[in-house]
Each structure stands twice: as structure tokens, then as C-alpha cells.
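Single-letter residue listing:
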Amino acid sequence: MKQALTKKKRIGYAFGIFTESLYYNMFYTYYLTFLNEIVGIKPMFSSIIIFVSIAWDAVTDPVIGNYTDKPLVDKRRVMRVSILPLAIVFIVAWTNIGAGFSTQLARVLFYTLISMGIWCFYTLYSIPYYAIVPELTEDYDERTKIRSLSSLLNAICVGLGNILPALVPTVAILLGKKYEGNAYAVIAAVISVLAIILGFICCKSLDGVYEPRKPKDSETVGKISIKETFAAFGDILRLKPTKWFLLFVFLFLAMSSMIQSNLTYMVIDCIGMKYDTGIVFVILSLVVSMGVTVPIVEKVAEKKDRRYATLLFLSIVFVLEIAIKLIGLDFTVGSFKIMCIVSPAVLGIATGTFWTLFYSMGYDLVELNEFKTGERKESTITSLPQLVQKFGSAFGILLAGQLLSAYGYDSSNDIAGKESLFTKVTDPYIINGMENISTVIPAVILGLSLICLAVYPMTRKCFNALMVQLEKKRRGEEYTTEGFEKLL
């Protein structure tokens with residue numbers, strides 16, 4: 001018999017965000033810089049490495065999602081199996097082994113394959129982690145509370161995933177000249193230890209409150225079918241709200257990952273601060289902003305609904321990003337470079353809002369799909385936005401890398417792993433381009449995402465009306481579509 005979802009269990013589940021988010025944030029903030037500066041790959045190629053490796057999830061996401069939706073498949077076990085391999089591959093990805101390869105092609109192939117490994121094991125963990133929530137509760141507000149707690153802890157993950165890699169210069173000094181190129185790998189190992197411990201705590205916390213779904217008469221058990229996978233995806237894509245939700249997700253992640261992957265260049269070249277000092281201010285501001293935003297967003301979502309709260313806070317972010325461009329990232333108050341606090345705080349509002357509400361908004365599609373097809377597809381519905389999320393993030397980094405090249409930045413001739421990472425660019429055209437990558441270009445993309453969200457029809461009112469009729473349908477009673485026609 002399933003146990004109640006106690007506060008202790010919710011906290012234990014929320015700890016699982018560390019295993020997902022620590023890797024995610026270190027990768028998206030620093031991997032482009034790592035490949036450019038430590039390995040010595042040209043920006044246009046390093047951004048392609050990241051795009052291809054994440055696009056690999058176009059294959060793994062639907063297959064893993066469909067598999068973990070199968071009856072008797074234990075989502076906790078899938079998560080546990082992935083934790084150790086993910087840690088090992090992640091550490092290898094941050095070593096400078098490839099810097100010794102004589103050609104760009106060899107380096108590109110090596111780091112592409114390693115990065116593909118990261119995202120394969122990441123998907124094995126993250127899809128069941130997020131997909132398990134709608135199996136724990138069908139309550140609209142409780143889902144928001146579970147995700148907001150996880151999102152609050154995610155602010156700590158963002159801090160650790162960004163501040164720890166900022167210690168690379170110090171670690172490099174401790175390692176000495178012979179091994180300094182592997183300073184990132186040392187940080188990756190520290191992050192991996194934290195991810196392993198907290199990932200296993202999360203899995204243990206789900207004992208008693210989660211049970212693998214039992215099969216219906218006609219269902220296959222634990223067998224992967226590509227045809228069935230695409231059929232399930234087709235059912236979800238035919239849901240009216242899905243296309244607007246997925247477009248919103250893609251565009252938002254493209255925006256945020258573009259800014260995040262450009263943080264190092266923003267600090268050094270646009271704001272004009274020393275890396276060691278500037279990155280600390282940036283990350284602390286980002287983390288504090290997220291931590292403050294999450295509970296406020298949760299309250300607004302509870303009072304109104306998730307779509308309203310998301311539109312409100314992201315519209316504020318849109319206006320602020322335009323304002324930052326007009327003012328300039330090098331703006332000072334006295335002698336202090338104030339944008340090292342303001343710019344990341346704006347990003348913190350955006351990410352705090354998105355990660356608090358994004359998955360809960362996706363969960364609502366589970367019941368809509370059940371109403372239309374009679375089947376619950378928690379993992380498949382989670383994997384589809386995740387696939388789009390990663391494509392959006394990869395596209396943002398790809399665009400950032402291509403724009404860096406277009407603006408004339410090229411670090412491939414620098415000495416890999418040396419002081420080049422912290423050398424300020426002097427060309428005003430390149431600096432202006434880097435500023436655009438952190439402000440006005442992401443703002444345009446965010447504006448497009450807001451249009452998609454405004455058209456997205458799933459509101460609290462529609463969801464509640466849906467649940468009333470779904471309960472009637474489950475009991476075999478007569479039902480209607482009154483109150484949620486917009487969803488159909």
C-alpha cells in the first residue's frame with residue numbers, strides 16, 4: 001500500500017535535483033569556454049560539438065521515455081542505474097586529453113562522442129526523475145509545491161555548478177604546470193561526488209510513495225517498440241496545447257543558454273572585470289535572485305495560475321534585458337561595475353520562474369492525454385519537452401558560438417590551458433557582439449517565447465474542468481467537454 005507523500009519524502013525527492021542540475025549548469029555555462037580555451041577548438045566547431053551531442057537526445061529521449069512508461073518498469077531503478085556511469089563520463093569530458101590531438105577534427109570527434117555519453121546517461125536519470133511527480137499526485141497546487149521546492153534547491157545547484165568551476169584558476173595553480181589543464185576535471189569530480197550521494201538519497205526517499213504501474217490486459221511489459229514510441233509521441237503532439245508549450249520551451253531555453261554560455265566573456269570583456277572577482281559577483285547574484293524569485297512565483301501561481309505567473313515574470317525579464325542593452329554592460333556606479341549584479345539577477349528571475357513552473361505545466365498534459373486516449377504517459381510526456389528543452393539549449397549555445405565567430409573571436413591559436421582564458425578582448429566590434437549575445441539577441445528570442453505562451457490554452461480553470469470530467473470518465477459515467485473546449 002502506498003504511503004502518504006510526507007514533507008520528509010518531498011524533501012528527499014527534491015534532493016534529486018542536485019544530480020540533474022549540477023551537471024546541467026556546469027556543462028551549459030563552461031563547456032563552450034572549456035572547449036575553446038583549454039582544448040583549443042575553434043568556437044564555430046565547439047558549439048557544433050555541443051549541439052550534436054545534445055541533439056543525440058532526439059534518439060534517446062523518446063525511447064527512454066516510452067520504456068519508463070511501461071508497466072512494472074521501476075523509475076527508481078532506472079535512475080539508480082544511471083548515476084555512476086553519468087559521473088564517470090562527466091569527469092572524462094572535462095579532461096584535456098583531446099588538447100594533445102594534432103588536428104581539429106580529432107578533437108571534435110573525441111569530445112562529441114564523450115558529450116553524447118553524458119546526455120545519454122543524463123536522460124536515463126532525468127526523465128524518470130521528473131516523470132514520477134504526476135504519479136505521486138494529481139493535485140494542481142501540490143504539483144506546483146513539489147516543483148517549487150525542487151526549484152528552490154535548484155538555486156543552490158546553479159550556485160555550486162557555476163561557482164565551483166570558477167575556482168579553476170586556483171585549482172590550476174595547485175596542480176602545477178604539468179596538470180593545470182585538468183583543473184576542470186577536478187571540479188567535475190567534486191560535483192560528481194555530490195551528485196552521486198544526493199541522487200541515491202532521492203531514490204531511497206521514493207520508497208513507499210511510488211509503485212511501478214501494473215499492466216492492463218493488452219499491454220506489453222518492459223518491451224521497447226520504436227513504432228509504439230512514435231505513436232505515443234504522435235498522440236501527445238496532436239494535443240492542442242502541446243505545440244505552443246513546446247515552442248515556448250524551445251525558445252526560452254535557447255535564450256537562457258545563450259546568456260549562460262556567454263557568462264565568462266560577459267564578465268571579462270563586456271563588464272570589464274577580472275574573472276576571479278567578477279564571476280563570484282555574477283553567480284552569487286544569479287543564485288540569490290533565483291532563491292528570491294521561486295517562492296514569489298509559487299505564490300502568484302497558486303493565487304492565479306501557472307501560465308499567468310510565467311507570463312508576468314518573463315515579461316518583466318524581457319523589458320529588463322532591453323534596458324540593460326541600452327544602458328550598457330560596462331555601466332558603473334561610482335567605480336563599481338553594477339551590471340555584474342544586475343544582469344545575472346535578471347537571468348535569475350527568468351530561470352527561477354521557468355524551472356519552478358515548466359515541469360508542472362507539462363504534467364497537466366498527462367491528464368489531457370488520458371482523457372483523449374485512455375492512457376497515462378508520464379515519462380513520454382516528460383521526455384518530449386525535455387527533448388525540445390535540450391534542442392533549445394543546444395541551439396542557444398550553437399548560436400552563441402557561431403555569433404562569436406561571426407563577430408571575429410577566435411581563441412584556437414591560444415595556448416590551451418594557459419592564461420588565454422583570462423585575457424581581455426580589445427576589439428570594440430567583438431566586445432559589442434559579446435554584449436549583444438548577452439542582452440538584445442536573447443531578448444528577441446524571449447519575446448517570441450512569450451507570444452507562444454500567451455496562446456497556450458492550459459489554465460487552472462481549464463485543468464480543473466478537465467479533472468471533473470476525467471473522474472467521471474474513469475468511473476464509467478457520462479461526461480462532457482464543458483469548460484475545457486479550448487484544450488481540444
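The shown structure was predicted, so the numbers you read here are calculated from the model rather than taken from an experiment.

The rules behind each value
- Every chain is numbered on its own, with residues counted from 1 as its sequence reads.
- pLDDT decides what is reported in this predicted model: residues at 70 or higher carry local features, side-chain atom pairs at 80 or more are listed and counted, and totals for whole chains, interfaces and linings draw on all residues regardless.
- The basis for every side-chain value is the complete set of heavy atoms in the structure, and neither hydrogens nor water enter the calculation.
- pLDDT gives the predictor's per-residue confidence on a scale running from 0 to 100.
- Whether two residues are in contact is decided by their heavy atoms, any of which lying within 4.5 Å being enough.
- Salt bridges are defined by distance alone: a side-chain nitrogen of Lys or Arg within 4 Å of a carboxyl oxygen of Asp or Glu.
- Per-residue accessibility, obtained with a 1.4 Å probe over protein chains only, is compared with the maximum for each type, and a residue is labelled buried under 20%, exposed over 50%, and partly exposed between these values.
- In DSSP terms, a helix is any run of H or I states spanning at least four residues, a strand is any run of E spanning at least two, and both are numbered starting from the N terminus.
- Fitted lines through C-alpha atoms serve as axes, helices being fitted only where they are in contact, and the angles separating the N-to-C directions of these axes extend from 0 to 180 degrees.
- Relative orientations are named as follows: roughly parallel for angles under 35 degrees, roughly antiparallel for angles over 145 degrees, roughly perpendicular for angles from 65 to 115 degrees, and oblique for any other angle.
- Crossings are sorted by hand: turned counterclockwise from the far helix by less than a right angle, the near helix makes the crossing left-handed, and turned clockwise it makes it right-handed.
- Gly falls in the polar group here, along with every residue not listed as nonpolar (Ala, Val, Leu, Ile, Met, Phe, Trp, Tyr, Cys, Pro) or charged (Asp, Glu, Lys, Arg).
- One less than the number of residues in a helix, times 1.5 Å, gives the span that helix is expected to have.
- The arc in question is formed by the directions pointing from the helix axis toward the C-beta atoms.
- In protein, a polar contact means a hydrogen-donor-capable atom and an acceptor-capable atom, both N or O and within 3.5 Å, with residues adjacent in sequence counting only if both atoms are side-chain atoms; elsewhere, any N or O pair within 3.5 Å suffices.

A. Spatial organisation of the confidence of the model for the protein. Confidence in the prediction of the protein, expressed as mean pLDDT, is 86, and 94% of residues score 70 or more. Every residue in residues 414-421 scores below 50 in pLDDT, and together they form 20 contacts with partners more than four places removed in sequence or on other chains.

B. View of the pattern of salt bridges. Tallied over the entire structure, the rule returns 13 salt bridges. For the salt bridge of R238 with D235, the shortest nitrogen-to-oxygen distance reads 2.7 Å. Relative accessible area serves as the criterion here: at 26%, D235 is assigned to the partly exposed category. Residues R475 and E477 are paired through a salt bridge, measuring 2.9 Å at the closest nitrogen-oxygen approach. Within the structure, one salt-bridge network assembled from shared partners comprises D74, R76, K204 and D207.

C. Structural view of the environment of L403. For L403, the location among the structural elements is in helix α17 (residues 378-406). L403 gets classed as buried once you look at its relative accessible area, which sits at 19%. In sequence terms L403 and N436 are 33 residues apart; their C-alpha atoms lie 9.5 Å from each other. Not counting residues within four places of it along the chain, the set of residues in contact with L403 comprises I437 and I441.

D. Main features of the packing of helix α12 (residues 240-261) against helix α19 (residues 440-455). Two elements in contact, α12 and α19, have axes separated by 8 Å at closest approach and are oriented at 160°. Here α12 is positioned roughly antiparallel relative to α19, judged by the angle of their axes. Crossing hand, α12 versus α19: left-handed. Contacts between α12 and α19 pair W244, L247, F248, L251, F252, A254, M255, M258 and I259 from the former with I441, P442, I445, L446, L448, S449, C452, L453 and V455 from the latter. In the contact of α12 with α19, the residues fall into 17 nonpolar, one polar and no charged.

E. Structural context of helix α3 (residues 43-55). Here α3 is 13 residues long and its end C-alpha atoms lie 18 Å apart, about the 18 Å a rise of 1.5 Å per residue gives. What α3 keeps buried is the set P43, S46, S47, I49, I50, S53, I54 and A55.

F. Structural view of helix α15 (residues 306-327). Given a rise of 1.5 Å per residue, 22 residues ought to cover 32 Å, and the 32 Å separating the end C-alpha atoms of α15 matches this to within 8%. Among the residues of α15, those classed as buried are R306, A309, T310, F313, L314, V317, E321 and I324. Seen along its axis, α15 keeps its buried residues to an arc of 100°; they face one direction. With respect to the buried face of α15, the exposed residues turned more than 90 degrees away are V319 and L326. Check the buried side of α15 and you find it contacts α8 (140-163), α12, α14 (275-303), α16 (339-373), α18 (428-438) and α19. With a side-chain oxygen lying 3.2 Å from the backbone nitrogen of R307, the N-terminal cap of α15 falls on D305. One or two steps after α15, the chain reaches G328, where phi turns positive at roughly 105°.

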